[in-house]
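Close look at the chain arrangement
Chain residues, written in single-letter form:
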Amino acid sequence: MNKKISIGVSDFKDIIDNNYYFVDKSLFIKEIVEDGSKVILLPRPRRFGKTLNMSMLKYFYEKSEEDNRHLFEGLKINNYEDIMSMQGKYPVIYITFKDEKHSKWERCKNSFKLLVRGLFRKHDYILESSVLKQYEKDQILEILMGKAPYEVYLNGLNILSEYLYKYHKQKVIILIDEYDVPIQSGYINDYYNEVIELMRIFLSGGLKDNTYLEKSVLTGILRVAKESIFSGMNNLKVSTLISSHYSSSFGFLEDEMQDMLKYYGIEYETKEVQNWYNGYRFGDKTIYNPWSILNYVDNYREGFKSYWVNTSSNDLVKRVLAKGGETLKMELEDLVEGKEIEKEINENIVMHDIDKDSNNAWSFLLFSGYLKVIDKKIQRGRTYCKLKIPNLEVKYLYEDIILAWFRENISGEKFNIMLKSLVTGDIKVFSKIFREFILNSVSYFDVSGKESEKVYHSFVLGALIALSDEYQVKSNRESGYGRYDIMIIPRDINKKGIVIEFKKVDKDDNETLEKCAQNALNQIEDRNYKRELLDRGVKDIIELGIAFEGKKTLIVES
C-alpha cells in the first residue's frame, strides 16, 4: 500500500509517525547547524515547505520529555553523528505568525498578546523550579493571565529566553515562521505603521544582543529589512531565493519530483507536470512547486489544475498589478505572451513602496513566487535578473486577474460583445461599449486620472487574453514607418485584421476630439502600419483612430 499524501500536514512528527510520503530535506538541519550566523532569515514563497522545515528544526533541537531521535532514523541527516549529537539538547521557542491576518489593528494587537501568552503557557513548567525568583514567577503569571502591561508582551521574547536559559542552563533556539504575515495584513488594512513598530520591538528584543540566544531561524516571503525591523542587527544573515545558500531546502528538486511520480506510478505525466508546476529557480537549482505537486499526485485522475494560486486571496498581487503604471502594464503584456523582461531586483523591499515603484513590484512578484529567474548578473553591486512567468498555473492566474479588472468595470457579457464587435467589424457597437469601459475604468487603472490614454494598455491586456485563441494581439511594435498602438492579427488570414492608433487631444494646440481622432487615422495610413498584416496575407483590414479627452472618447474608421 502506498504512503499517504500529506496535504495540509506541516508537522514533521505527524508526517513521520503516520507514514506520510516525505521528501527528505533533513540536510537543511546540517546547513543550519554549520551556518555561523546567529540569526538566519530565509524568505521563500508561500507553500514551499517553510513550515515543515521549521517544524523539523524544532523536533531536532528541542529538549523535551519525549525522545524524538527516532524521527530522524533513515533520513540523510542521520548519517552525520556529530550533527545528531545536538538533537534534543536545546530549549526551543517556536512561533508562527501564519494566522495573524487581521482586518483591524486592535484585533492584531489582542491576538499578539494571546500569542505571547501561548508561548509562556507552553513553558509554564519553569514555574515549578526554584531557579526563578518569586518576582520573576509573578511576572510570568501576570503574562499568563493577560494582566501584564502591553510593553511586557512586546518584550516577551527576550523575557522568555532569559527564563528558559536560567532553567535549562542552556542557550535558546528561537524559530519564527511566517514573520511577515502581520506586516502584509497591516499594509493591506491600513495599520502598517503600528504593526511595524510591534514587530520591530518584539523581534529586536529576542534577536538583537540577546545573550541567551544560541541561534534563530526566521521564514517569511519578503525580507522587508528597510522597515527597520532588523535595524542594527549585525548578526543577521539573509538568504533569498536568488542566493545559492539553502537552494535545495525548499520546494522539490527535479529528481525528487521524478521519484514521487514513479512511486505513485504516474511518471508518464512528467512533461505536463513540468509545464504546470515547474519553472522556479532557487539559486542554481530548478524547483517544482511542492504544494501543487502533492495536490496533483493526490488528485491526478482529475487532470491538471491550479492548486497553489488558489491557496490565497492574492489580494496584494492584484493591488500591485492594478496600481502599476503604463510601463508595468506594457511589460506584463510581454510576460503573458511568454517573453522575458530584465529588471533590477531589490532584496530589501519596503512594503509601502511595492505599488509605487515598478522595480519593487517586480521584486515582490519574484519573491512571492509569481515570477522566476532565467538569468542573473551583478553590476556595480546591483542585481539584475531576467524574469519570466514560471508555469501554466501562474500564467492562468495573471490572466484571471487581468480579466477581473474588466469584470469590475464592465460586465463579462458586454466585454465579450465589445471584442466580438471589434473583430467582426461592427464598429458602432464596439464604440458604444468601449466608451462605457473608458468611463468606468480610467480612475481604476490610472490613479492620477490625468493621462487617460494609458488605459489602452489595460485594454490590450484584456484583448490579449480574451482573443488569444484566434488572434495575436500586439502593441507598441515597429511597423511600416512608425509605431502603431495596437494590432490584432488573425491566425486565420481570411478574418479581419485590425490596426488601432490612440491619441490624446492636445489642448495647447486647440485640437478637437474629432481632429485628434482623424489625425490618429491619418497616422495609420501615412506610416503604412497595415504593412505587417498585408505581409502575412491578411487582406481585410480595419483601421481605427481613437481619440481621448479626459473620459471622452471618439472612434473613427477608415
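Up top you'll find the structure we're talking about.
My aim in this report is to walk through the structure given alongside it, one point at a time. Note that the coordinates shown come from a computational prediction; the quantities given were computed from them, not determined experimentally.

To continue, consider the sheet that holds strand β9 (residues 341–344). The sheet built from 3 strands is open, its strands ordered β9-β11-β10 with antiparallel pairing. Here the strands that pair on one side only, and so sit at the sheet edges, are β9 and β10 (372–379). Recorded for the sheet is a direction-independent mean angle of 25° between the axes of neighbouring strands. Bridge analysis of β10 against strand β11 (residues 382–388) gives 7 bridges, and the strand direction is antiparallel.

Glancing now at the pattern of salt bridges. Going through the model one piece at a time under the given rule, you end up with 26 salt bridges. The salt bridge involving E34 is made with K30; its shortest N-O contact spans 3.1 Å. With a gap of 4 residues between them, E34 and K30 both fall in helix α2 (residues 27–34), about one helical turn apart. The partner of K305 in a salt bridge is E302, and the shortest N-O contact between them spans 2.7 Å.

Burial runs high along strand β16 (residues 497–504): 6 of the 8 residues are buried. Between strand β15 (residues 486–490) and β16, which pair antiparallel and follow one another directly, the connecting turn spans 6 residues. As defined by bridge partners, β16 adjoins strand β17 (residues 541–549) across 8 bridges and the pair is classed as parallel. The partner of I500 across the bridge, within β17, is L544.

Attention now moves to the packing of helix α14 (residues 315–323) against helix α17 (residues 392–407). For the pair α14 and α17, interaxial distance at closest approach is 11 Å and the crossing angle is 60°. Taken together, the axes of α14 and α17 are oblique relative to one another. The handedness of the crossing between α14 and α17 comes out as right-handed. Residues V317, K318, L321 and A322 of α14 pack against Y398, I401 and W405 of α17.

Two elements in contact, α14 and helix α16 (residues 358–367), have axes whose closest approach is 10 Å; the angle formed by their N-to-C orientations is 155°. Judged by the inter-axis angle, α14 sits roughly antiparallel to α16. You can see that α14 and α16 cross each other, and the crossing is left-handed. Mapping the contact onto sequence places L316, V317, V320 and L321 in α14 and A361, F364 and L365 in α16. Taken together, the residues of the contact of α14 with α16 sort by class into 7 nonpolar, no polar and no charged.

In spatial order, the strands read β12-β15-β16-β17-β18; together these 5 strands make up an open sheet with mixed pairing. Looking along the sheet, the strands with just one partner apiece sit at the ends: β12 (471–475) and β18 (552–557). Strand-to-strand twist of the sheet, defined as the mean angle between neighbouring strand axes without regard to direction, takes the value 15°. As paired elements, β12 and β15 share 5 bridges and run antiparallel to each other. If you follow K474 over to β15, its bridge partner there is M487. Lying over the sheet, helix α21 (residues 513–526) contacts β16, β17 and β18, oriented at roughly 145° with respect to β17.

With that out of the way, let us pick up the packing of aromatic side chains. The full count for this structure, using the stated rule, is 31 aromatic pairs. Taking 5.1 Å as the distance between ring centres and 80° as the angle between the ring planes, the aromatic pair formed by F48 and Y280 counts as edge-to-face. Of this pair, F48 sits in the loop between β1 (39–43) and α3 (50–61) while Y280 sits in strand β7 (residues 280–282), placing them 232 residues apart in sequence. Relative to Y61, the ring of F60 has its centre 5.2 Å away and its plane inclined at 75°; by these criteria the two rings are edge-to-face. Both residues of the pair, F60 and Y61, count as buried. Cluster of aromatic residues (ring-pair linked, three or more members): F12, F22, Y59, F60, Y61, F72 and Y90.

About the criteria used
- One numbering rule holds for all chains: residues counted from 1, following each sequence as written.
- Under the rules for a predicted model, residues below a pLDDT of 70 receive no local features and side-chain atom pairs below 80 are neither given nor counted, while totals for whole chains, interfaces and linings still include all residues.
- Hydrogens and waters are ignored; side-chain quantities use all the structure's heavy atoms.
- Two strands are said to pair when DSSP picks up at least two bridges between them.
- Helix and strand assignments come from DSSP, with helices taken as H or I runs of at least 4 residues and strands as E runs of at least 2, each series counted from the N terminus.
- Axis lines are fitted to C-alpha atoms, over the contacting stretch for helices. Their N-to-C directions set the angle, which ranges from 0 to 180 degrees.
- One side-chain nitrogen of Lys or Arg within 4 Å of one carboxyl oxygen of Asp or Glu is enough to make a salt bridge.
- Throughout this description, buried means an accessible area under 20% of the type-specific maximum (1.4 Å probe, protein chains only), exposed means over 50%, and partly exposed covers the range between.
- Relative orientations are named as follows: roughly parallel for angles under 35 degrees, roughly antiparallel for angles over 145 degrees, roughly perpendicular for angles from 65 to 115 degrees, and oblique for any other angle.
- A crossing counts as left-handed when the near helix is turned anticlockwise from the far one by less than a right angle, and as right-handed when that turn is clockwise.
- Residue contacts follow a heavy-atom distance rule, with two residues in contact if any of their heavy atoms lie within 4.5 Å.
- Charged residues are taken to be Asp, Glu, Lys and Arg, nonpolar residues to be Ala, Val, Leu, Ile, Met, Phe, Trp, Tyr, Cys and Pro, and polar residues to be all remaining types, Gly included.
- Under the pairing criterion, centres of Phe, Tyr and Trp rings, with the six-membered ring standing for Trp, must be within 6.5 Å; the plane angle then separates stacked pairs below 30 degrees from edge-to-face pairs above 60, leaving the rest tilted.

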